[in-house]
Amino acid sequence: ERREQGYVSAELKEVLDKGSGYVKLIREVNDDIPGREVSDKLDKMEKIVTKIFETVRENPEQEDKLSMFMDYYLPTTAKLIMAYRDMDRKEVQGENIKSAKQEIENTLDMINEAFEKLFDSMFKEQSLDVQTDIDVMRTMMKQQGLAPNELDLLKRREAAQNAREAGADMWGGSAPAFPEI
């Protein structure tokens, strides 16, 4: 099915709207948390999640990669960061609150890394397409004599290596031996 430029299906619109809601929630929770370290992690998370949804908006065929992201990872992440915010607001923080907050802080790094991997995976097919195009072009150029083939490259490297090992001077021979005075 061919889509017009800028067309967004109802299903995709729903996913993008939900995604915008999560981005907004991450921003709001981040604004509520004074700690710099956690704020930096949430800034990073917001950027990654925003990039993921921008990519899906531009490439709707990527939507199928978001099922676990939308159904589990984002809702669970939202629950964790809201719990962190709520615990952070407590005037008295006992060992349980401190421990839970530390666990969430540590987990934010893992979440960001996983979200980055998801984002990167969205470009795997494009990367393979690019590599295939390069390989085909290289082969065609070699066949038409427009690019050196592997054997020519190996011969050149070997000749250069031999010249270096022989200590060749600028005339192509060995450096002359001078008698000691």
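The structure this text deals with has already been given above.
Model, not experiment: these values are computed from the prediction. (Residues numbered from 1 in each chain as written. Predicted model: local features only at pLDDT ≥ 70, side-chain atom pairs only at ≥ 80, totals over all residues. Heavy atoms only, no water.)

Novice: Can you help me understand the side chain of Gln62 in this one?
Specialist: Looking at the element boundaries, Gln62 is found in the loop between helix H2 (36–58) and helix H3 (67–88). Residue classification places Gln62 among the buried positions, given a relative accessible area of 8%. Sequence-distant contacts of Gln62, defined by excluding residues within four places in its chain, comprise Val56 and Met122. (Helix = DSSP H or I, 4+ residues; strand = E, 2+ residues; numbered from the N terminus. Buried < 20%, exposed > 50% of the residue type's maximum accessible area, 1.4 Å probe, protein only. Contact = heavy atoms within 4.5 Å.)

Novice: Please clarify how the environment of Leu12 should be interpreted in this entry.
Specialist: Counting through the fold element by element, Leu12 comes out in helix H1 (residues 10–32). For Leu12, a relative accessible area of 0% gives the class buried. Placed 45 residues apart in sequence, Leu12 and Arg57 show a C-alpha to C-alpha distance of 7.9 Å. Setting aside chain neighbours within four positions, we find Leu12 in contact with Val56, Pro60 and Glu63.

Novice: Looking at this model, I keep getting lost on the packing of H2 against helix H4 (residues 95–121). Mind explaining?
Specialist: Packed helices, taken two at a time, are described by their axes: the angle between them and the distance between them. One can describe the packing of H2 onto H4 by two numbers: an axis separation of 10 Å at closest approach and a directional angle of 20°. Comparing their axes, H4 and H2 come out roughly parallel. Both H2 and H4 take part in a crossing whose hand is left-handed. On H4, the residues that touch Glu37, Val38, Lys41, Leu42, Lys44, Met45, Ile48, Val49, Lys51, Ile52 and Thr55 of H2 are Glu105, Asn106, Leu108, Asp109, Ile111, Asn112, Phe115, Glu116, Leu118 and Phe119. Residues belonging to the contact of H2 with H4 are distributed by class as follows: 11 nonpolar, three polar and seven charged. (Axes fitted to C-alpha atoms, helices over the stretch in contact; angles between N-to-C directions. Parallel < 35°, antiparallel > 145°, perpendicular 65-115°, else oblique. Left-handed = near helix turned anticlockwise from the far one by under 90°. Nonpolar A, V, L, I, M, F, W, Y, C, P; charged D, E, K, R; others polar.)

Novice: Looking at this structure, how should I read a nonpolar patch on the surface?
Specialist: Residues Met68, Tyr72 and Tyr73 make up a contiguous nonpolar surface patch of about 330 Å² in total accessible area. With respect to the helices and strands, Tyr73 occurs in helix H3. The class for Tyr73 is partly exposed, based on a relative accessible area of 41%. (Patch = residues over 30% accessible without salt bridge, like charges linked within 9 Å, V, L, I, M, F, W, Y side chains within 5 Å. Areas by Shrake-Rupley, 256 points an atom, 1.4 Å probe, with all protein chains shown as cover. Salt bridge = Lys/Arg side-chain N within 4 Å of Asp/Glu carboxyl O.)

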